[in-house]
Amino acid sequence: RTGVWSDWREDALAADGMAAWMPANHIEWAIQVFLPSNAFATSDGGESKDKWAVYVSARVQRKGQGEGSAFGSGIYDTKRKHFGTERNVAVAETAENEYRFYKIAETSLDPNCYIWVAPTKNAENVEGIWVDRIVLVREDAPKTAAKLAP
């Protein structure tokens, strides 16, 4: 529900000045990124079995003692009704009000999958979660000099 579980807001720290925002008082998968149907097609029209590293660029507005989990993220397969890899990011892993890339998974993806991000109902220690980008990197892609959080 826009404005309740999440919102699209201006954010000077985001790459393009806008980011998805969620309050920390719920556990809804309020940010969902559905993958385009042609994203994983092979040249012969089949589905690719390539492995992908999935990263979420997020920042966490901390408060309180900074304990517990800040947010969770994962992959859900709608066709198989299967929860793929999930990761909870601890408040202690986050940088105060600074975007970091968090590796969520290394997995095969197909058009039936979507990537989700959700708060973990830790409003005592987290004010809000901002998501700037979700990045997919093919595992056999050329390596770059960019540093990503583990």
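Everything below is about the structure printed above this text.
Right, let's walk through the structure included here. Just so it is clear, the model here is predicted, and its values are computed rather than measured. Here the residue numbers are simple positions, counted from 1 along each chain's written sequence. Under the rules for a predicted model, residues below a pLDDT of 70 receive no local features and side-chain atom pairs below 80 are neither given nor counted, while totals for whole chains, interfaces and linings still include all residues. Heavy atoms from the whole structure form the basis of all side-chain values; hydrogens and water molecules are not counted.

### Focus on the nonpolar core
Note the threshold: The definition of a nonpolar core used throughout is a set of buried Ala, Val, Leu, Ile, Met, Phe, Trp, Tyr and Cys residues joined through side-chain atoms within 4.5 Å. Residue exposure (1.4 Å probe, protein chains only): buried if accessible area is under 20% of the type maximum, exposed if over 50%, otherwise partly exposed. Secondary structure is summarised from DSSP: a helix means a run of H or I of at least four residues, a strand means a run of E of at least two, and numbering begins at the N terminus for each. By definition in these notes, contact holds between two residues if any of their heavy atoms fall within 4.5 Å.
If you look at the biggest cluster of nonpolar residues, it comprises 25 residues, and the most contacted ones within it are F71, I75, L109, V117, V126, I129 and V131. Of all the elements in the fold, those that place two or more residues in this core are β2 (18–23), β4 (51–62), β5 (69–77), β7 (100–108), β8 (113–119) and β9 (126–138). Considering every element that reaches this core, the biggest residue donor is β4, with five residues. Ignoring any residue separated from it by four or fewer positions in sequence, one finds F71 in contact with A58, V60, R87, N88, V89, Y102, V117, A118, P119, T120 and I129. Ranked by size, the runner-up nonpolar core spans five residues in total, among them A14, A19, Y99 and W130.

### Considerations on the sheet that holds β4
Note the cut-off: Here, any two strands with at least 2 DSSP bridges between them count as paired. To obtain each axis, a line is fitted to C-alpha atoms, and for helices this fit is confined to the stretch in contact; angles are then taken between N-to-C directions over 0 to 180 degrees.
Strands sit in the order β1-β2-β9-β4-β7 across an open sheet of five strands; the sheet is antiparallel. Only two strands of the sheet have a single partner each, and these edge strands are β1 (7–10) and β7. Across the sheet, the mean angle separating the axes of adjacent strands is 40 degrees when strand polarity is ignored. Across four bridges, β2 lies against β9 in antiparallel orientation. Residue pairing in the sheet places P23 in a bridge with G128 of β9.

### So, the pattern of salt bridges
We count it as follows: Salt bridges are identified by distance alone: a Lys or Arg side-chain nitrogen within 4 Å of an Asp or Glu carboxyl oxygen.
Counting across every chain of the model gives nine salt bridges. Note that D110 and R80 form a salt bridge whose closest N and O atoms lie 3.1 Å from each other. Within this pair, whereas D110 is found in the loop between β7 and β8, its partner R80 is found in the loop between β5 and β6 (82–90), the two being separated by 30 residues in sequence. Note that D132 and R133 form a salt bridge whose closest N and O atoms lie 3.2 Å from each other. For D132, a relative accessible area of 13% gives the class buried. Through salt bridges with shared partners, a single ionic network connects D77, R80 and D110.

### Topic: the side chain of H26
Defined as follows: Within 3.5 Å is the distance limit for a polar contact, defined as a pair of N or O atoms, with the added protein rule that one can donate a hydrogen and the other accept it, and that residues adjacent in sequence qualify only through two side-chain atoms.
Within the secondary structure layout, H26 lies in the loop between β2 and β3 (31–34). The buried category is assigned to H26, whose relative accessible area is 7%. In this structure the side chain of H26 is engaged in a polar contact, spanning 3.0 Å, whose partner is the backbone nitrogen of E28.

### A look at the packing of aromatic side chains
The test is simple: Note on ring pairs: Phe, Tyr and Trp rings are taken, using the six-membered ring of Trp, and paired if centres are within 6.5 Å. Classes follow the plane angle, with under 30 degrees stacked, over 60 edge-to-face and the rest tilted.
For the coordinates displayed, the defined rule picks out eight aromatic pairs. Each ring, one from W29 and one from Y114, has its centre 6.1 Å from the other, and the planes form 70 degrees; the classification is edge-to-face. Of this pair, W29 sits in the loop between β2 and β3 while Y114 sits in strand β8, and the two are 85 residues apart along the sequence. The buried category is assigned to Y114, whose relative accessible area is 8%. Measuring from centroid to centroid gives 5.6 Å for F71 and Y102, while their planes differ by 80 degrees, and the two rings are edge-to-face.

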